[in-house]
Amino acid sequence: QQQVKQSPQSLIVQKGGIPIINCAYENTAFDYFPWYQQFPGKGPALLIAIRPDVSEKKEGRFTISFNKSAKQFSLHIMDSQPGDSATYFCAASMWGSQGNLIFGKGTKLSVKP
Amino acid sequence: DAGVIQSPRHEVTEMGQEVTLRCKPISGHNSLFWYRQTMMRGLELLIYFNNNVPIDDSGMPEDRFSAKMPNASFSTLKIQPSEPRDSAVYFCASSLAGGGHYEQYFGPGTRLTVT
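Quick notes on the rules
Residues numbered from 1 in each chain as written. Chains lettered and ligands numbered in written order. Predicted model: local features only at pLDDT ≥ 70, side-chain atom pairs only at ≥ 80, totals over all residues. Heavy atoms only, no water. Contact = heavy atoms within 4.5 Å. Buried area = accessible area lost by both parts, 1.4 Å probe. Polar contact = N/O pair within 3.5 Å; in protein donor to acceptor, adjacent residues only side chain to side chain. Helix = DSSP H or I, 4+ residues; strand = E, 2+ residues; numbered from the N terminus. Disulfide = S-S within 2.5 Å. Buried < 20%, exposed > 50% of the residue type's maximum accessible area, 1.4 Å probe, protein only. Core = buried A, V, L, I, M, F, W, Y, C linked by side-chain atoms within 4.5 Å. Phe/Tyr/Trp six-rings, centres within 6.5 Å; stacked < 30°, edge-to-face > 60°. Pairing = 2+ DSSP bridges. Axes fitted to C-alpha atoms, helices over the stretch in contact; angles between N-to-C directions. Salt bridge = Lys/Arg side-chain N within 4 Å of Asp/Glu carboxyl O.

### Some words on the interface of chain B and chain A
How big an interface is tends to be stated in terms of the accessible area lost upon association of its parts.
Okay, so step 1: Contacts between chain B and chain A engage 23 residues on the former and 22 residues on the latter.
Okay, so step 2: Buried area between chain B and chain A, both sides added, is near 1,800 Å², and the carbon and sulfur share of it is 53%.
Okay, so step 3: Counting every contact that joins chain B to chain A gives 3 residue pairs in polar contact (both at pLDDT 80 or more).
Okay, so step 4: Every element with two or more residues in the side of chain B that touches chain A is listed here: strand E4 (31-38), strand E5 (42-50) and strand E9 (88-95) of chain B.

Written out as structure tokens, the structure reads:
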């Protein structure tokens, strides 16, 4: 019940395409859903986050879509660029967890020029 | 702020040796997390502390692993004795956690190779 399932494991798109990464969870106590971006040789860094009281959040070219009833959320990258090539992790957290995040397994995205 | 500082950045050691990884969290943060990352298993939480107290160490693989946080500005992860299967990148992260949700800031990681 503590798991966050992420798919696909890897994704290749052409420049300008819209890669979509999906995550699903079981624990309805989760109430915070961040996405982290990791470049090779670096630690993950927060990209964008959403709470379940909204169905969508946009920050620049990055959008999170959230479906509370289906217990699913996804990351969309508009007009993807080669510089977006990285590994993306979804995560979930619950109130009172002292900052602990449950991470998905990650998606390695490659954007071809 | 300098961010989360980890040392060493790279460590190569022989099987059976003791390895100590170090982490300095961001000043003022009260939660600290140790993760291990491998291709096969992804990002695994090993242990986390809140206000220097270990909260959940269920991710620590076995008794060969131990972690301490003697004060708010320093933590260590020790492996004794090390084995080749411990080879991975180890990340430390910190956050300012209260009842709500706060961003975790990751360090650059320590790449450990056990031969």
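### Points about the state of the cysteines
Note: disulfide means a covalent bond formed between the sulfur atoms of two cysteine side chains.
Okay, so step 1: The full count for this structure, using the stated rule, is 2 disulfides over all chains.
Okay, so step 2: Shown here is the disulfide that connects A:Cys23 with A:Cys90, its sulfur atoms set 1.8 Å apart. Residues A:Cys23 and A:Cys90 are joined through a disulfide that is left-handed, its torsion about the S-S bond being -95°. Note that A:Cys23 is positioned in strand E3 (residues 20-25) and A:Cys90 in strand E9 (residues 86-92), a separation of 67 residues in sequence. The same class applies to A:Cys23 and to A:Cys90, which are both buried.
Okay, so step 3: Here B:Cys23 pairs with B:Cys92 through a disulfide, and the sulfurs are 1.9 Å apart. Handedness here is read from the sign of the S-S torsion; for B:Cys23 and B:Cys92, about -65°, the answer is left-handed.

### Comments concerning the environment of B:Ser75
Residues and elements named next belong to chain B.
Okay, so step 1: The residue Ser-75 is located in strand E8 (residues 74-79) in this model.
Okay, so step 2: As a C-alpha pair, Ser-75 and Leu-32 span 43 residues in sequence and 8.3 Å in three-dimensional space.
Okay, so step 3: With residues up to four places along the chain from it excluded, the contact list for Ser-75 reads Leu-21, Arg-22, Cys-23, Leu-32, Trp-34, Phe-49, Lys-68 and Met-69.
Okay, so step 4: Engagement of the side chain of Ser-75 in a polar contact is seen with the side chain of Trp-34, the distance being 2.9 Å.

### Digging into the nonpolar core
Okay, so step 1: Of all hydrophobic cores here, the largest spans 25 residues; its most connected members are A:Val4, A:Phe33, A:Trp35, A:Phe73, A:Leu75 and A:Tyr88.
Okay, so step 2: Elements with a minimum of two residues in this core: strand E2 (10-14), E3, strand E4 (33-38), strand E5 (45-50), strand E7 (62-67), strand E8 (72-77), E9 and strand E11 (107-112) of chain A.
Okay, so step 3: At 4 residues, E9(A) tops the list of elements feeding residues into this core.
Okay, so step 4: Among the nonpolar cores identified, the runner-up in size contains 21 residues, and B:Val4, B:Leu21, B:Trp34 and B:Phe49 belong to it.

### Points about the packing of aromatic side chains
Okay, so step 1: Scanning all chains against the criterion turns up 17 aromatic pairs over all chains.
Okay, so step 2: Ring centres 4.9 Å apart and planes at 45° place the aromatic pair A:Phe33 and A:Phe66 in the tilted group. Note that A:Phe33 is positioned in strand E4 and A:Phe66 in strand E7, a separation of 33 residues in sequence.
Okay, so step 3: Judged by relative accessible area, A:Phe66 falls into the buried class, the value being 7%.
Okay, so step 4: Here A:Phe103 and B:Phe106 contribute two aromatic rings whose centre-to-centre distance is 6.1 Å and whose plane-to-plane angle is 75°, an arrangement assigned as edge-to-face. Of the two residues, A:Phe103 is situated in strand E10 (residues 102-103) and B:Phe106 in strand E10 (residues 105-106); the pairing between them involves two chains.
Okay, so step 5: Through successive ring pairs, a cluster of aromatic residues spans A:Tyr36, A:Phe89, A:Phe103, B:Phe33, B:Tyr35, B:Tyr48, B:Phe91 and B:Phe106.

### Things to note about the side chain of B:Gln104
Okay, so step 1: With respect to the helices and strands, B:Gln104 occurs in the loop between E9 and E10.
Okay, so step 2: A distance of 2.7 Å separates a polar atom in the side chain of B:Gln104 from a polar atom in the side chain of B:Tyr35.

### Topic: the sheet that holds E8(A)
All names here are of chain A.
Okay, so step 1: What the 5 strands build is an open sheet, ordered E1-E3-E8-E7-E6; its pairing is antiparallel. Looking at which strands have only one partner, the edges of the open sheet turn out to be strand E1 (4-7) and strand E6 (56-59). With strand direction ignored, the average angle separating the axes of adjacent strands in the sheet is 15°.

### Description of the pattern of salt bridges
Pairing between side chains becomes possible if they bear opposite charge and their charged atoms approach one another.
All names here are of chain B.
Okay, so step 1: Following the criterion strictly, the structure yields 11 salt bridges over all chains and no others.
Okay, so step 2: We note a salt bridge from Arg-64 to Glu-83, for which the minimum N-O separation is 3.5 Å. Placement of Arg-64 in the loop between strand E6 (53-56) and strand E7 (65-71) and of Glu-83 in the loop between E8 and E9 is noted, with a sequence separation of 19 residues between them.
Okay, so step 3: Counted as one network, the salt bridges with shared partners bring together Glu-62, Arg-64, Glu-83, Arg-85 and Asp-86.

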